[in-house]
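Fold and geometry: a report
Given next are the chains, with one letter for each unit.
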Amino acid sequence: MKVLWFTNTPSMSASHYEQKIIGGGWIASLENALTAYPGIQLGISYLVHDNKKKQFKINNTIYYPVNKSKTPNRINRILEGWNHKLSIKSDLKPYLDVIDDFKPDIIHVFGTESDFGLVSGTTDIPCVIYIQGVLTVITQKWFSGLTPLDVMKYSPKLPLIKGRGLFHDYYKLAKSAKREQTIFKNGKFFIGRTDWDRRISTALSPGSMYFHCDEIMRSLFYQNKWTYGPPGVQIRIISTTRNTIYKGLETILECALYLKSLFTDKEIIWEVAGVRSNDEVPLLLEKKLKKKFNESGIILLGPLDEGELVSEMLKADLFVHPSHTDNSPNSVCEAMLLGMPVISTFAGGIPSIITDKEDGIMVQDGDPIALAGAIYELYHNREFTINLSQKARTKAMLRHDPARVSQTLLQIYCDVLNI
């Protein structure tokens, strides 16, 4: 079977690129598992910003880097920023050229966020679309915790004038969401993991067929196991997020204030991976809330690779996911794989990942007070916390079992080809 993937990451070919690539590791894990099956020939196409990168092959996988970026002059870049134009809106020829060269039996599109999802409406080859985030919903949650006025008022002015930053990102996202709705409308087959994305596909693509398939996480999260250490003078919390408004970074900053009053005899250290101290969102929040992350016990670690992240998570007492919207966040799934006690917001597809008070704790998004109370409960109920973490690991190991996931995906491919 010849399978062609369209993804946002170079997957297992990442080692061919000099820059450090963070994110998308689960796609590489899936590639590794799928290519172990005899009779599977995989092609992977992804966007790059380098004209020098051409088609190449590693083992039995053919990689197709596609460069659609332009290098306009400074004035044009500013104008494009303010016009909120999509740099890759509807030029599908490079993708169709890849399809023509590889000649797949089936096409697998990862996500509805990028323009390559439009190939599902332009080829007769069966195409399945794997739902990741959903921009149509994210546009509704984008300003959670911050208003558009806050962004205009507190964001750095020079990038804003040049057509860059969060304010402009929102309008570009809104246009991408319009394109996403076309992708859903044209799609016939969707793959997802949660009740949330199943319902999304039902509403945005009536009459389409939905399949359930979980994800394979990065290998180190299977190989390591969190243990509950003895109580100390510190309480260590860790979160993984991004430099975007709707991920709930403001909840962390506000929650830290309540934790100080709850744990008067403890030092609170809250590490946040994925965000730098000079990123736009933390700078904006510090101006609005008149609080400093580093003065609140919060350490912004920036992007971490797999090994660095596992090392930090194993040292923490618990994992917190404060997002305002999500599908099945890999950060939560990876924390559960390690067997960490997890507190997450009740948002998007997360209720399909965590069962409240059984293998994790769930709180309302945007509620730093309830979050602080949940952290206090976990820390002071050792037996409950250990039981929670053990059940989380058992559940996650089954859900993300590589053999089960890859076999499920192959069966979906066969089912689609036989329809």
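Quick word on the packing of aromatic side chains
Per the stated rule, a full pass over the model turns up 18 aromatic pairs. Seen in terms of ring centroids, tryptophan 5 and phenylalanine 110 are 4.9 Å apart; in terms of plane orientation they differ by 70°. Their pairing is edge-to-face. With tryptophan 5 in strand β1 (residues 2–7) and phenylalanine 110 in strand β5 (residues 106–110), the pair connects residues that are 105 residues apart, well separated along the chain. Overall, tryptophan 5 belongs to the buried group, its relative accessible area being 0%. Ring pairing ties together the aromatic residues Trp142, Phe143, Phe167, Tyr170, Tyr171 and Tyr246, which thus form one cluster. Taking NZ or CZ as reference, lysine 2 lies 4.6 Å from the ring centre of phenylalanine 102, over its face. Above the plane of the ring of tyrosine 228 lies arginine 382, whose end atom (NZ or CZ) is 4.2 Å from the centre.

Notes on unusual backbone geometry
The backbone phi angle of serine 11 is positive, close to 55°, even though this residue is not glycine. As for its position among the elements, serine 11 is in the loop between β1 and α1 (25–34). On the basis of relative accessibility, which here comes to 7%, the residue serine 11 falls in the buried class. Phi is positive for lysine 357, which is not a glycine, with a value near 65°. Along the chain, lysine 357 falls in the loop between β13 (342–345) and β14 (361–363).

Some thoughts on the pattern of salt bridges
Taken as a whole, this structure holds eleven salt bridges when the rule is applied. Among the ionic pairs, aspartate 195 bridges to arginine 198, the shortest N-O distance being 3.1 Å. On the criterion of helical spacing, the pair formed by aspartate 195 and arginine 198 is a turn pair, its members being three residues apart in helix α8 (residues 195–204). By relative accessible area, which is 36% here, aspartate 195 ends up partly exposed.

Rules used throughout
- Residues numbered from 1 in each chain as written.
- Predicted model: local features only at pLDDT ≥ 70, side-chain atom pairs only at ≥ 80, totals over all residues.
- Heavy atoms only, no water.
- Phe/Tyr/Trp six-rings, centres within 6.5 Å; stacked < 30°, edge-to-face > 60°.
- Helix = DSSP H or I, 4+ residues; strand = E, 2+ residues; numbered from the N terminus.
- Buried < 20%, exposed > 50% of the residue type's maximum accessible area, 1.4 Å probe, protein only.
- Lys NZ or Arg CZ within 6 Å of the ring centre and 35° of its normal.
- Salt bridge = Lys/Arg side-chain N within 4 Å of Asp/Glu carboxyl O.

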